[in-house]
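Here are the chains, one letter per residue:
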Amino acid sequence: MAFNIPFNYFSGLEATAVIFAVLTLILVYIYYLARFQRRMVLSVAISSGLVVFLFAVNYFFSAGIRGASLLSFMLAFILIIIVSPKKLYGLWVALCLLVVFSLLLIEYHHPELIRVSYADEKALFIDIAFTYGTGIVVSFFSLFYLKEAYNKEKRTAEQKTIELERLNDEKLKLFSIISHDLQAPLSSLHSYVRLIASDRLTPDERKQVERGLANALHGSQEMLSNMLVWSQSQLRGFRLELVRNNIQHVLQPVIDIQKIYASQKGITLGADIDGALHALIDRDMLQLIVRNLVANAIKFTLPGGLIRVIVTQSDTYCQIVVEDNGIGIPKEQQAGLFSLKTRSTYGTNNERGIGLGLFLCNEYALAQRGLLTFDSEQERGTRFCLLLPLVD
């Protein structure tokens, strides 16, 4: 609009230059209204209606059908459709057609109303050529914008589809856990309780059943805890609260509890924690990670085995290592170890695992700006390493 003011003035179209000047000033205000006052729909309606009205007035001062006004109308229509809400498309199509056909009818029946303001034929040709060139350039950028907007929406839709597929996979995983994996330990618990209630067991058999009952309860509790944590994260999202914490104070209660379960299986659980280390962590998330890693180590280590939790400083990171000399992880399972696509597994004492714990560990490590890695060799053991940013 601003560029057209001097161009039309020096072409002899003083009235058209004034119209473009008025349009420019009003559009500056409308831009402010839309951009800073968030009155987008109102701004589009005002600017579009104003452009159509002033272009109609300009028609009578720029040689009518012989001038460049109809080309300007076409360009204005393209821009109006691009910026207008879809519900107003019909209104603008009807209005633009009505205005243009009305102008043509008026010129046809009253040609004396049309004013030829061009200095000569050369000025007329220059105006038409300039308007056509401007229309081509603006139409290109308009269509380019539309194509980019379409591609952006397409990419967004594809990402949403991928996300929905992921959520659907996780939902199916949860249903599988509820319908099958949780049924098995509950059935075992029922059998153990019935045996104890039968009063037909010898003292040795009773102790053996009680140990089995304790293991089954522990496994079911671990499974339910992970399921509840995961379900809450799916429904509400992660509620992350990063606070400066002493790592030893956070982990020691978890290790003390896990030592009880390790000793019941005849496994030695040792801990070597640097008491001076502090990290910016979510206390509950870190405890869940270490609890799951140690519980997995207990599950897949034979009686008489050794598990160690080592916490040291590594450059600018707090390094938490959980290592065991258990049976290790089969190579075919390692690639999907941190995903929900892993299959249910059984520990060395027939403890059941569903693969949800390690998935949560990895998710919570990333949420705390950390990194969880592992290396494992069958029959030689597994080593998990968690890195978390240190704070002074």
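The structure this text deals with has already been given above.
Every chain is numbered independently, its residues counted from 1 as its sequence is written. Given that this is a predicted model, residues contribute local features only at a pLDDT of at least 70 and side-chain atom pairs are listed and counted only at 80 or more, while totals for whole chains, interfaces and linings are drawn from all residues. As a convention, hydrogens and water are excluded, and side-chain values are obtained from all of the structure's heavy atoms.

K.L.:
Help me understand unusual backbone geometry, please; the structure alone is not making it clear to me.
P.N.:
If a residue is not glycine, its phi is most likely negative; likewise, a peptide bond is most likely trans. A positive phi angle is found at D315, which is not glycine, with a value near 60 degrees. The helix and strand labels rest on DSSP assignments: H or I over at least four residues marks a helix, E over at least two residues marks a strand, and numbering proceeds from the N terminus. The topology assignment puts D315 in the loop between strand 4 (306-314) and strand 5 (317-324). At R369, a position not held by glycine, the phi torsion is positive, near 60 degrees. Turning to its location among the elements, R369 is positioned in the loop between helix 12 (356-367) and strand 8 (371-377).

K.L.:
Which parts of the structure should I look at to understand the packing of helix 4 (residues 69-83) against helix 5 (residues 89-109)?
P.N.:
When two helices pack together, their arrangement is given by the angle between the helix axes and by the axis-to-axis distance. With their axes 10 Å apart at the nearest point, helix 4 and helix 5 run at an angle of 170 degrees to one another. Judged by the angle between their axes, helix 4 and helix 5 are roughly antiparallel. Seen from helix 4, the contacting residues are L70, F73, F77, I80 and I81; seen from helix 5, they are Y89, W92, V93, C96, V99, V100, L103 and L104. In the scheme used here, Gly and all other residues not listed as nonpolar or charged are polar, with Ala, Val, Leu, Ile, Met, Phe, Trp, Tyr, Cys and Pro taken as nonpolar and Asp, Glu, Lys and Arg as charged. Of the residues that constitute the contact of helix 4 with helix 5, the class distribution is 13 nonpolar, no polar and no charged. All axes here are fitted lines through C-alpha atoms, helices being fitted over the stretch that makes contact, and every angle between N-to-C directions spans 0 to 180 degrees. The labels follow the angle: roughly parallel below 35 degrees, roughly antiparallel above 145, roughly perpendicular from 65 to 115, and oblique for the rest. Throughout, a contact is declared for two residues whenever any of their heavy atoms are within 4.5 Å.

K.L.:
It is not clear to me how the side chain of S84 should be interpreted in this structure. Could you clarify?
P.N.:
Turning to its location among the elements, S84 is positioned in the loop between helix 4 and helix 5. Side-chain atoms alone can form a polar contact between residues adjacent in sequence; in general such a contact is a pair of N or O atoms within 3.5 Å, and within protein one must be able to donate a hydrogen while the other accepts it. Of note is the side chain of S84, whose polar atom sits 2.6 Å from the backbone oxygen of I80.

K.L.:
Help me out: how do you make sense of the nonpolar core in this one?
P.N.:
Grouping buried Ala, Val, Leu, Ile, Met, Phe, Trp, Tyr and Cys residues that are joined through side-chain atoms within 4.5 Å yields what is termed a nonpolar core. Note on classification: 1.4 Å probe, protein chains only; a residue is buried when its accessible area is under 20% of the maximum for its type, exposed when over 50%, partly exposed between these limits. I247, L251, L286, V311 and I320 are the most contacted members of the largest nonpolar core, which has 41 residues in total. Elements supplying a minimum of two residues to this core: helix 9 (247-264), strand 2 (268-273), strand 3 (278-281), helix 10 (283-299), strand 4, strand 5, helix 12 and strand 9 (381-389). At nine residues, the largest contribution of residues to this core is made by helix 10. Apart from the residues within four sequence positions on either side, I247 is in contact with L277, A279, I281, L286, V311, C318 and I320. Counting 21 residues, the second-largest nonpolar core is a separate cluster that includes I19, L54, I80 and W92.

K.L.:
Just checking my understanding: could you explain the sheet that holds strand 8 for this structure?
P.N.:
When DSSP locates at least two bridges between a pair of strands, those strands are taken to pair. With mixed pairing, the five strands of this open sheet are ordered in space as 2-4-5-9-8. Every other strand in the sheet has two partners, leaving strand 2 and strand 8 as the edge strands with one partner each. Across this sheet, the average inter-strand angle for adjacent strands is 15 degrees, counted without regard to direction. In this structure, strand 8 lies alongside strand 9, joined through seven bridges in antiparallel fashion. The partner of D375 across the bridge, within strand 9, is R383. Strands in contact with helix 10 are strand 2, strand 4, strand 5, strand 8 and strand 9; relative to strand 5, the strand with the most contacts, it is inclined by about 20 degrees. Against the sheet, helix 12 makes contact with strand 8 and strand 9, and its axis sits at roughly 140 degrees relative to strand 8, the strand it touches most.

K.L.:
Looking at this structure, how should I read helix 10?
P.N.:
Because each turn of an α-helix spans 3.6 residues, side chains separated by three or four positions in sequence point in the same direction. An expected span of 1.5 Å times one less than the residue number is assigned to each helix. Taking 1.5 Å of rise per residue, the 17 residues of helix 10 would be expected to cover 24 Å, and the 24 Å separating its terminal C-alpha atoms lies within 8% of that figure. Of all 17 residues making up helix 10, 14 are buried, and the element is well covered by its neighbours. Two or three places before D284, at the opening of helix 10, D282 has a side-chain oxygen 3.2 Å from that residue's backbone nitrogen.

K.L.:
Help me out: how do you make sense of the layout of surface pockets in this one?
P.N.:
The method is simple in principle: a probe with the dimensions of a water molecule rolls over the atoms, and the space it marks as empty is what remains. Of the volumes computed, that of the largest pocket is approximately 880 Å³. Grid points spaced at 1 Å and placed over the protein atoms alone form the basis of the search, with a cavity being a set where a 1.4 Å probe fits but cannot get out and a pocket an open set showing protein on both sides within 12 Å along at least five of seven lines. Lining residues have an atom within 4 Å of a point. Lining the largest pocket are 34 residues, and of these M1, L27, S47, V51 and L79 sit closest to its centre. Of all the secondary-structure elements, those providing two or more residues to the lining of the largest pocket are helix 1 (4-10), helix 2 (14-35), helix 3 (40-59), helix 4 and helix 6 (121-181). With eight residues, helix 3 is the single largest residue contributor to the lining of the largest pocket. Residue composition of the lining of the largest pocket, grouped by class: 20 nonpolar, twelve polar and two charged. Grid points are joined across faces, edges and corners, and a volume is the space filled by probe spheres set on the points.

K.L.:
Explanation requested: the environment of V309 in the structure shown.
P.N.:
Looking at the element boundaries, V309 is found in strand 4. For V309, a relative accessible area of 1% corresponds to the buried category. Sequence spacing of V309 and I255 is 54 residues, and the spatial spacing of their C-alpha atoms is 8.4 Å. The residues contacting V309, other than those within four sequence positions of it, are I255, L269, G270, A271, D272, V294, V321 and V322.

K.L.:
Any chance you could explain the packing of helix 9 against helix 10 here in plain terms?
P.N.:
Contact geometry for helix 9 and helix 10: axes closest at 10 Å, N-to-C directions at 30 degrees. When the interaxial angle is binned, helix 9 and helix 10 end up roughly parallel. Helix 10 is crossed by helix 9, and the crossing has right-handed handedness. On helix 10, the residues touching I247, H249, V250, L251, V254, Q258, Y261 and A262 of helix 9 are R283, L286, Q287, V290, R291, V294, A295 and I298. Along the lines of polarity and charge, the residues of the contact of helix 9 with helix 10 split into eleven nonpolar, three polar and two charged. By definition, any crossing whose near helix is turned counterclockwise from its far helix by less than a right angle is left-handed, and any crossing with a clockwise turn is right-handed.

K.L.:
Is there a simple way to think about the pairing of strand 4 in this case?
P.N.:
Across a regular strand the side chains alternate sides, sitting on one face of the sheet and then on the other. Two strands pair when backbone bridges link them, and strand 2 and strand 4 are joined in this way by six bridges, in the parallel orientation. Bridging from a neighbouring strand, I273 pairs with V311 of strand 4. In the sheet, strand 4 pairs with strand 5 via eight bridges, with the strands oriented antiparallel. Each bridged residue has a counterpart across the sheet, and for R308 the counterpart in strand 5 is E323. Between strand 4 and the antiparallel strand that follows it, strand 5, lie two residues; D315 among them carries a positive phi value of about 60 degrees.

It is worth stressing that arrangement in space is one thing and function is another; only the former is reported here.
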